[in-house]
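# Survey of secondary and tertiary structure
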Amino acid sequence: MLRCLNPWRGPFLSSSRRKLCLFKQYLFTMKLQSPEFQSLFTEGLKSLTELFVKENHELRIAGGAVRDLLNGVKPQDVDFATTATPAQMKDMFQSAGIRMINNKGEKHGTITARLHEENFEITTLRIDVVTDGRHAEVEFTTDWQKDAERRDLTINSMFLGFDGTLFDYFNGYEDLKNKKVRFVGNAKQRIQEDYLRILRYFRFYGKIIDKPGDHDPETLEAIAENAKGLAGISGERIWVELKKILVGNHVNHLIHLIYDLDVAPYIGLPTNSSLEEFNKVSKNVDGFSPKPMTLLASLFKVQDDVTKLDLRLKISKEEKNLGIFIVKNRKDLVKATDSSEPLKPYQDFIIDSRESDATTRVCELLKYQGEHGLLEQMQQWCIPPFPDSVQLRHSTPQRNYHITQETSCAL
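Residues numbered from 1 in each chain as written. Predicted model: local features only at pLDDT ≥ 70, side-chain atom pairs only at ≥ 80, totals over all residues. Heavy atoms only, no water.

## Focus on the overall build of the chain
Scanning the chain from terminus to terminus reveals 19 helices and twelve strands. Counting only residues that meet the buried cut, the chain has 49% of its 411 residues in that class. For the chain, contacts bridging at least 24 residues in sequence account for 61% of all contacts bridging at least 6. Taken as a whole, the chain presents about 20700 Å² of accessible surface, with 46% of it coming from carbon and sulfur. (Helix = DSSP H or I, 4+ residues; strand = E, 2+ residues; numbered from the N terminus. Buried < 20%, exposed > 50% of the residue type's maximum accessible area, 1.4 Å probe, protein only. Contact = heavy atoms within 4.5 Å. Areas by Shrake-Rupley, 256 points an atom, 1.4 Å probe, with all protein chains shown as cover.)

## So, the pattern of salt bridges
Counted under the stated rule, the structure contains 24 salt bridges. Here Glu43 ties to Lys46 by a salt bridge, and the two come within 3.9 Å at their closest N and O atoms. Residue Glu43 and its partner Lys46 are both found in helix H2 (residues 43-54); the two are separated by three residues, about one turn of the helix. Residue Lys344 is joined to Asp348 by a salt bridge in which the shortest nitrogen-to-oxygen separation is 2.7 Å. In this pair, Lys344 and Asp348 are both assigned in helix H17 (residues 344-352), four residues apart and thus about one turn of the helix distant. Three or more residues are tied together by salt bridges with common partners; here these are Asp152, Arg200, Arg203 and Glu241. (Salt bridge = Lys/Arg side-chain N within 4 Å of Asp/Glu carboxyl O.)

## Re the pairing of strand S6 (residues 118-124)
Sheet topology places strand S3 (residues 79-82) next to S6; four bridges connect them, and they run parallel. Its bridge partner lying in S6, Asp79 is registered against Glu121. As paired elements, strand S5 (residues 110-115) and S6 share six bridges and run antiparallel to each other. Paired with Leu115 across the strands is Glu118, a residue of S6. Turn length for the S5-S6 hairpin, with the two strands adjacent in sequence and antiparallel, is two residues, and the turn residue His116 shows positive phi of about 50°. (Pairing = 2+ DSSP bridges.)

## With respect to helix H15 (residues 317-329)
Counted at 1.5 Å a residue, the expected span for H15 with its 13 residues is 18 Å, and the 18 Å between its end C-alpha atoms agrees. Every buried residue of H15 is accounted for by Glu319, Leu322, Gly323, Phe325, Ile326, Val327 and Asn329. (Expected span 1.5 Å × (residues − 1).)

## Re the nonpolar core
Counting 101 residues, the largest nonpolar core has Phe93, Phe202, Val263 and Leu269 as the members making the most contacts within it. The greatest single-element share of this core, amounting to seven residues, is contributed by helix H8 (residues 197-208). Apart from residues no more than four positions distant in its own chain, Val263 is found in contact with Ile198, Leu199, Phe202, Ile223, Ala227, Leu230 and Ile258. Counting residues in hydrophobic clusters, the runner-up holds eleven residues, among them Leu27, Ala62, Ala81 and Val184. (Core = buried A, V, L, I, M, F, W, Y, C linked by side-chain atoms within 4.5 Å.)

## A closer look at the sheet that holds strand S2 (residues 59-62)
Read from one edge of the open sheet, eight strands run S1-S10-S9-S2-S3-S6-S5-S4, paired in mixed fashion. Only two strands of the sheet have a single neighbouring strand rather than two, namely strand S1 (28-31) and strand S4 (99-101). In this structure, strand S9 (residues 159-160) lies alongside strand S10 (residues 165-168), joined through two bridges in antiparallel fashion. By the bridge assignment, Leu160 is partnered in S10 with Leu166.

## Here's the deal with H2
Relative to the 16 Å expected for twelve residues at 1.5 Å per residue, H2 spans 17 Å between its end C-alpha atoms, a close match to the ideal helical length. Inspection of H2 places Gly44, Leu45, Leu48, Thr49, Leu51 and Phe52 among the buried residues, and these make up the whole buried set. In a view along the axis of H2, the buried residues occupy a sector of 160°, so they form one face of it. The exposed residues of H2 that point more than 90 degrees off its buried face are Glu50, Val53 and Lys54. Buried residues along H2 sit against S2, S3, helix H4 (86-95), S5 and S6. Just beyond H2, the residue with positive phi is Asn56, at close to 60°. (Arc of directions from axis to C-beta.)

Structure below.
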């Protein structure tokens, strides 16, 4: 069916708007002109685009960078897609004397070129031939729509030309305007291609949606039916996504949804977690930029829950220690607090500790406990500047504390 869409009238668009109709699905195009887009045109990018034009290969900005630009945000990372194969790109770069680095992505179609002290990651358009829920066997294509079809969410499936032309095959721009997070095509099929897309759905929901609560019932059904597929995904990949969910918007809604849809046990979260404690702590830390583990610790009842999480997700030593510290001390340090000197137990802990991150951990604990006044005091407090190798006698009889280096103020 032949179908056209009228471009949306907004502040980022030039007067040279246009629309293009195709017989395959549809293609919506418009022109983007914004300061954020123009700021991408470094000497390196200009040289790169000129080379691709010279060699008659199409090159466009892809995925998340397009989404960010349409939201008026300069992207931190920019990925590029091209009709050129990896072999063609290598020949092109070698002939032009351009250095290529990090060849690990070549089998998936990605070449990284370095121009003018900048790295540019460029991937050949692909079709997923075989998927197993974790990885995909791909073949290369020159069809932009076929590549868009294999992407996870409509808002991540758009391309942007260097003249500012947007190429949108699946209503991604409309969804972005309307604050909707939808899978490209069939949600169940997209999830079964890579089960990590369940967590990516939650993450982008927190990133895009203004008010939580509105989900497509078929999407939630697809997530619930396929949650067990996350058991086969590596812990490292899960932890990357989960951390972003924990520091994003609507985290309380999303964690409850993770439990309601029975996703939690497949990503290392305890099945007997205390959601009441989580509700309280999520309010306590709101607006105070907690570390992901600070909020996550509220789901743990005992220290062993942190150890089990580590076995599943391979979290860092620092993250594990923070989780154990909070679970161990969230009640103990409160009990030790003197109403006349409420900060003293926390200060004593830092002075007694020989670990360099003790102040950071205490500040995270204060966020967890909702002690915002004490947190502000702690952030302004420094350990007294004792010389190296000075023996300090603590108020507790027969205990000596040996400080071998000064500790700087927190945060």
